[in-house]
Amino acid sequence: MKTIKNIFGPKEEDIQLDMENIPRHVAIIMDGNGRWAKKRGLPRTAGHKAGIEVLREVIKASSELKIEFLTLYAFSTENWKRPKEEVSALMKLLVYYLQKEVKELHKNKVRIRTIGDITQLPHQVIGQIHKAVDLTKNNKGLTVNIALNYGGRDEIIRAVKNIWKENMEGNICIENMDEEKFSTYLDTGHLPDPDLLIRPSGEFRTSNFLLWQLAYAEFWFSNIYWPDFDKKHLYMAIRDYQMRHRRFGGLK
Ligand code: IPE
Ligand code: IPE
Ligand code: MG
């Protein structure tokens, strides 16, 4: 049975969602901050700042829709190639965001987690992450999973190394390895695969995001830059998702 909710109420633009068919796991590539800033004659860091402000609304809307997992691509293994001033500004913004928002997120029952090799991040960032993850670990609401120093290929290599180590120590038998077991060695071992991937900014690529996990995700692209993204775009993405026929290689 479909439970249709008119998300903006009768007066606003009509976006109807089937509340019985909300994606469990939504992943977002938060892209376009730099171009957003350039368009306004501002430094790229102003774009990153504006990008962080969007999170509050997107997280709130995701919680309201009862999405279970929201994975946010915040810093890739390739983003270290950027000028060191930009990297350092991004790291500072992360600390600022976590310090400023964690109490409110905790109040809203959000559980914060990360994927990616966070050991390579600056100490201050690691400290803030541990604090936020620890404070919110028992929360039962939306899980916000932040991808930091994350790369799909790097994640697979780290998984393979761990499997090799366990095999050498005699803890596992490599012959028994299958897709399900392999998944548990990935950083996302605690998560179901994403149902929906959202990428704003007009690029049509994964940029090394969740390479294994996106095998059967539905993709939603948009030209708007991330700082202009709001809950309406999230609703639009979910509405389009609900019109897709997911077959997983089988027949309808
Ligand atoms: C995304 O915005 C933020 C990060 C990659 C950290 P960009 O900085 O990539 O913005 P564009 O793509 O240059 O506009
Ligand atoms: C992907 O965006 C990474 C994040 C949003 C964190 P990029 O801007 O780094 O991707 P490319 O370089 O356009 O592929
Ligand atoms: Mg970009």
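Quick note: structure is the one above.
Residues numbered from 1 in each chain as written. Chains lettered and ligands numbered in written order. Predicted model: local features only at pLDDT ≥ 70, side-chain atom pairs only at ≥ 80, totals over all residues. Heavy atoms only, no water.

Caption draft 1: Region of interest: the overall build of the protein chain. For the protein chain, the count of helices and strands is seven helices and eight strands. For 252 residues, the compact-globule formula gives about 18 Å, and the C-alpha radius of gyration of the protein chain, at 19 Å, lands near that figure. For the protein chain, the spread of C-alpha atoms along the principal axes amounts to about 65 × 50 × 35 Å. In the protein chain, which comprises 252 residues, the share counted as buried stands at 46%. Counting only carbon and sulfur atoms, one obtains 52% of the accessible surface of the protein chain, whose full area is about 14,000 Å². Side chains of the protein chain give 40 positive and 33 negative charges; the mean places of these two sets differ by 5 Å. (Helix = DSSP H or I, 4+ residues; strand = E, 2+ residues; numbered from the N terminus. Rg over C-alpha atoms; globule rule 2.2 N^0.38 Å. Buried < 20%, exposed > 50% of the residue type's maximum accessible area, 1.4 Å probe, protein only. Areas by Shrake-Rupley, 256 points an atom, 1.4 Å probe, with all protein chains shown as cover. Lys, Arg positive; Asp, Glu negative; His and termini not counted. Charge placed at Lys NZ, Arg CZ, Asp CG, Glu CD.)

Caption draft 2: Broad picture of the environment of V54. Tracing the sequence through the fold places V54 in helix α2 (residues 44-64). Overall, the relative accessible area of 7% leaves V54 in the buried class. Sequence-wise, V54 and Y225 are 171 residues apart; in three dimensions their C-alpha atoms are separated by 11 Å. Not counting residues within four places of it along the chain, the set of residues in contact with V54 comprises W226, P227 and F229. (Contact = heavy atoms within 4.5 Å.)

Caption draft 3: Layout of helix α3 (residues 84-107). Helix length check: α3, at 24 residues, gives a terminal C-alpha distance of 35 Å against a target of 34 Å (1.5 Å per residue), a fit within 8%. K109, located one to two residues past α3, shows a positive phi value of around 65°. (Expected span 1.5 Å × (residues − 1).)

Caption draft 4: The sheet that holds strand β5 (residues 111-115), seen in detail. Strand order in this open sheet of six strands is β5-β6-β4-β3-β7-β8, and the pairing throughout is parallel. This sheet does not close on itself; its edge strands, each paired only once, are β5 and β8 (218-221). Strand-to-strand twist of the sheet, defined as the mean angle between neighbouring strand axes without regard to direction, takes the value 20°. Where α2 meets the sheet, it contacts β3 (25-29), β4 (69-76) and β6 (143-150), and its direction lies at approximately 155° from that of β4. (Pairing = 2+ DSSP bridges. Axes fitted to C-alpha atoms, helices over the stretch in contact; angles between N-to-C directions.)

Caption draft 5: Local environment of the packing of α2 against helix α7 (residues 231-242). Closest axis-to-axis distance for the α2/α7 pair is 9 Å, and the angle between their directions is 45°. Classified by the interaxial angle, the pair formed by α2 and α7 is oblique. In this structure, α2 crosses over α7, and the sense of that crossing is right-handed. For the pair α2 and α7, the contacting residues are E57, V58, A61, S62 and E64 in the first and K231, L234 and Y235 in the second. Within the contact of α2 with α7, the residues separate by chemical class into four nonpolar, one polar and three charged. (Parallel < 35°, antiparallel > 145°, perpendicular 65-115°, else oblique. Left-handed = near helix turned anticlockwise from the far one by under 90°. Nonpolar A, V, L, I, M, F, W, Y, C, P; charged D, E, K, R; others polar.)

Caption draft 6: The site of ligand 1, seen in detail. Neighbouring ligand 1 are 13 residues; D31, G34, R35, R44 and R82 lie closest to it. For ligand 1, an oxygen atom lies 3.4 Å from a polar atom in the backbone of G32. At a separation of 2.8 Å, an oxygen atom of ligand 1 approaches a polar backbone atom of R35. Against a free-state accessible area of 380 Å², the protein chains account for coverage of 87% of ligand 1. Taken together, the elements giving at least two residues each to the shell around ligand 1 come down to α1 (33-39), α2 and α3. Element by element, the count of residues in the shell around ligand 1 is highest for α1, at three residues. Considered class by class, the residues forming the shell around ligand 1 number three nonpolar, five polar and five charged. (Near = heavy atom within 4 Å. Polar contact = N/O pair within 3.5 Å; in protein donor to acceptor, adjacent residues only side chain to side chain.)

Caption draft 7: Structural detail: the site of ligand 2. Around ligand 2 sit I29, M30, D31, Y73, A74, F75, N79, R82, R199, R205 and S207, and those are all the residues in its vicinity. Here ligand 2, which alone exposes 390 Å², has 78% of that area covered by the protein. Considering each element in turn, the shell around ligand 2 owes the most residues, three residues, to β4. The class makeup of the residues in the shell around ligand 2 is five nonpolar, two polar and four charged.

Caption draft 8: Fine view of the nonpolar core. In terms of nonpolar packing, the biggest core is built from 49 residues, with I28, I59 and I198 touching the most fellow members. Taken together, the elements giving at least two residues each to this core come down to β3, α2, β4, α3, α4 (123-136), β6, β7 (196-199) and α7. With 10 residues, the single largest contributor to this core is α3. By size, the runner-up hydrophobic cluster in this structure holds 11 residues, among which are A147, Y150, L210 and A217. (Core = buried A, V, L, I, M, F, W, Y, C linked by side-chain atoms within 4.5 Å.)

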